[in-house]
Amino acid sequence: MKKIALVLVLCLCGTTNIQVYALEMSDIVNYNNILITKKEYYNLLNLGFSENEILNMSLDEYNFNKDLKGLVVSQNTIYLDEKNNVLNNSISAFGLQAGYIETAAKQMTTTIISFSNQYRYKISLEWKKIPSTRSYDIIGIGTDNNVKIASALTFQQNFCYSSNNCSSSIVRTEKSTSTGATATFQIPTQTIVSLSSYLYFDVSKNTNSIITQLNAYGDYSHATKSISKSNANNHSINRGGIILDSSISNYYDSIDTAKATWTGSW
């Protein structure tokens, strides 16, 4: 069964540990030696970035986002065990995460962010247990036909070889259509202790009518067998999530989408 997010309108966003971290520091220097002021840090939190994503952020992405005034208006997180059963489906708001389960193999979050009279759809995937199979994975967001993608896709995966030796990669193969967008990428094959990835894009209206509901359908397909990049690209995405071609469907796991929903007037 697909999981549906309740609608929440927030004044601030982020997890508790992020807010404490920001309050204790006037500014920080991230892993890419970027000086981030406290104001900019809050701006990035309010655009739906996690602490880890900010610490790994590139200079181009930082410059593009640091002055944007955003607001997370819907966020849905699902936690999955090693068999990809949904352990819990929760709404994250102002430091609260209902039913957080540390033993989950992976955690997927879909977020809708409002800024400058437009909206951004974002998906993040964090591994709680590093997968044994490392091949080409797919991350994506499906969209309804009342919006269209209005920006370039931003993708990044972050990983650490040890607690103080971290790196990131933006290498991917993109697909962008009228029903959503995906990024196909290779998981590092070296020994790593942490692994996460995210994808986002801005949307604009695809109708002259007033929009009263937005839905972002986040999905992730993990390769459970070794697969080539060209074969991994045999997929599409829509409201049902990532749709794998029959020739590759048995190379990937299958999980529910994490659907974020906003209601209002736009």
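A quick note: this is a predicted structure, and the numbers were derived from the prediction, not measured.

Counting its regular elements, the chain contains 5 helices and 19 strands. Residues counted as buried form 51% of the 266 residues belonging to the chain. Contacts spanning at least 24 positions in sequence make up 72% of the contacts within the chain whose residues lie at least 6 apart. Surface exposure of the chain reaches about 11,900 Å², of which carbon and sulfur atoms provide 50%.

Before going further, it helps to spend a moment on the state of the cysteines. One covalent bond between the sulfur atoms of two cysteine residues makes up a disulfide. Counted according to the given criterion, the structure contains 1 disulfide. With a sulfur-sulfur separation of 1.9 Å, Cys-160 is cross-linked through a disulfide to Cys-166. Here the S-S torsion is close to 95 degrees, and the disulfide linking Cys-160 with Cys-166 is therefore right-handed. For Cys-166, a relative accessible area of 22% puts it in the partly exposed group.

Counting buried residues along helix α2 (residues 38-45), 6 of its 8 residues qualify, which places the element largely inside the surrounding structure. For α2, the set of buried residues is Glu-40, Tyr-41, Tyr-42, Asn-43, Leu-44 and Leu-45.

Relative to the helices and strands, Asn-158 is located in strand β11 (residues 154-162). Using a relative accessible area of 2% as the deciding quantity, one classes Asn-158 as buried. Between the C-alpha atom of Asn-158 and that of Glu-126, which follows or precedes it by 32 residues, the distance is 9.4 Å. Residues in contact with Asn-158, not counting those within four places in the same chain, are Asn-52, Glu-53, Asn-56, Ser-167, Ser-168, Ser-194, Leu-195, Ser-196 and Tyr-198.

Next up on the list: the environment of Asn-206. Relative to the elements of secondary structure, Asn-206 occurs in the loop between β15 (194-205) and β16 (213-221). For the pair Asn-206 and Ser-178, spaced 28 residues apart in the sequence, the C-alpha separation amounts to 10.0 Å. From its side chain, Asn-206 meets the backbone oxygen of Asn-145 in a polar contact 3.2 Å long.

What follows deals with the packing of aromatic side chains. Two numbers describe a pair of aromatic rings. These are the distance of the centres and the angle of the planes. Summed over the entire model, instances satisfying the criterion amount to 10 aromatic pairs. Note on Phe-49 and Tyr-198: the rings are 6.2 Å apart at their centroids and 80 degrees apart in plane angle, and the pair reads as edge-to-face. Here Phe-49, found in the loop between α2 and α3 (51-55), pairs with Tyr-198, found in strand β15; they are 149 residues apart in sequence, far enough to count as distant. By relative accessible area, which is 3% here, Phe-49 ends up buried. Counting every residue linked through ring pairs, the aromatic cluster contains Trp-127, Phe-155, Phe-185 and Tyr-220. Its guanidinium or amino end placed over the ring of Tyr-251, Lys-225 lies 5.4 Å from that ring's centre, counting from NZ or CZ.

Going through the model one piece at a time under the given rule, you end up with 7 salt bridges. The closest approach of N and O atoms between Asp-202 and Arg-120, which form a salt bridge, is 2.9 Å. Pair noted here: Asp-202 is in strand β15 and Arg-120 is in strand β8 (residues 118-127), with a separation of 82 residues, a long-range link. Overall, Asp-202 belongs to the buried group, its relative accessible area being 6%.

Okay, unusual backbone geometry next. Phi at Ser-116 takes a positive value of approximately 50 degrees, unusual for a residue other than glycine. Structurally, Ser-116 is set in the loop between β7 (106-115) and β8. Even without being a glycine, Asn-117 presents a positive backbone phi close to 60 degrees. For Asn-117, the position within the fold is in the loop between β7 and β8.

All right, on to the pairing of strand β17 (residues 235-238) then. Of the two faces of β17, only the one carrying His-235 and Ile-237 is buried; Ser-236 and Asn-238 on the other face are not. Examined bridge by bridge, β17 and strand β18 (residues 241-244) share 4 bridges and lie antiparallel to one another. Bridge assignment links His-235 to a residue of β18, and that residue is Leu-244. The turn linking β17 back onto β18 is made up of 2 residues.

A word on the confidence of the model for the chain. Confidence along the chain averages 85 in pLDDT terms, with 82% of residues attaining 70 or more. Segment residues 1-23: pLDDT under 50, and 68 contacts once partners within four positions in sequence are set aside and those in other chains are kept. Here residues 90-103 is a poorly scored stretch, pLDDT under 50, and it has 35 contacts once near neighbours within four places are set aside; other chains count.

The rules behind these values
- Residues numbered from 1 in each chain as written.
- Predicted model: local features only at pLDDT ≥ 70, side-chain atom pairs only at ≥ 80, totals over all residues.
- Heavy atoms only, no water.
- Helix = DSSP H or I, 4+ residues; strand = E, 2+ residues; numbered from the N terminus.
- Buried < 20%, exposed > 50% of the residue type's maximum accessible area, 1.4 Å probe, protein only.
- Contact = heavy atoms within 4.5 Å.
- Areas by Shrake-Rupley, 256 points an atom, 1.4 Å probe, with all protein chains shown as cover.
- Disulfide = S-S within 2.5 Å.
- Polar contact = N/O pair within 3.5 Å; in protein donor to acceptor, adjacent residues only side chain to side chain.
- Phe/Tyr/Trp six-rings, centres within 6.5 Å; stacked < 30°, edge-to-face > 60°.
- Lys NZ or Arg CZ within 6 Å of the ring centre and 35° of its normal.
- Salt bridge = Lys/Arg side-chain N within 4 Å of Asp/Glu carboxyl O.
- Pairing = 2+ DSSP bridges.
- pLDDT = per-residue confidence, 0-100.

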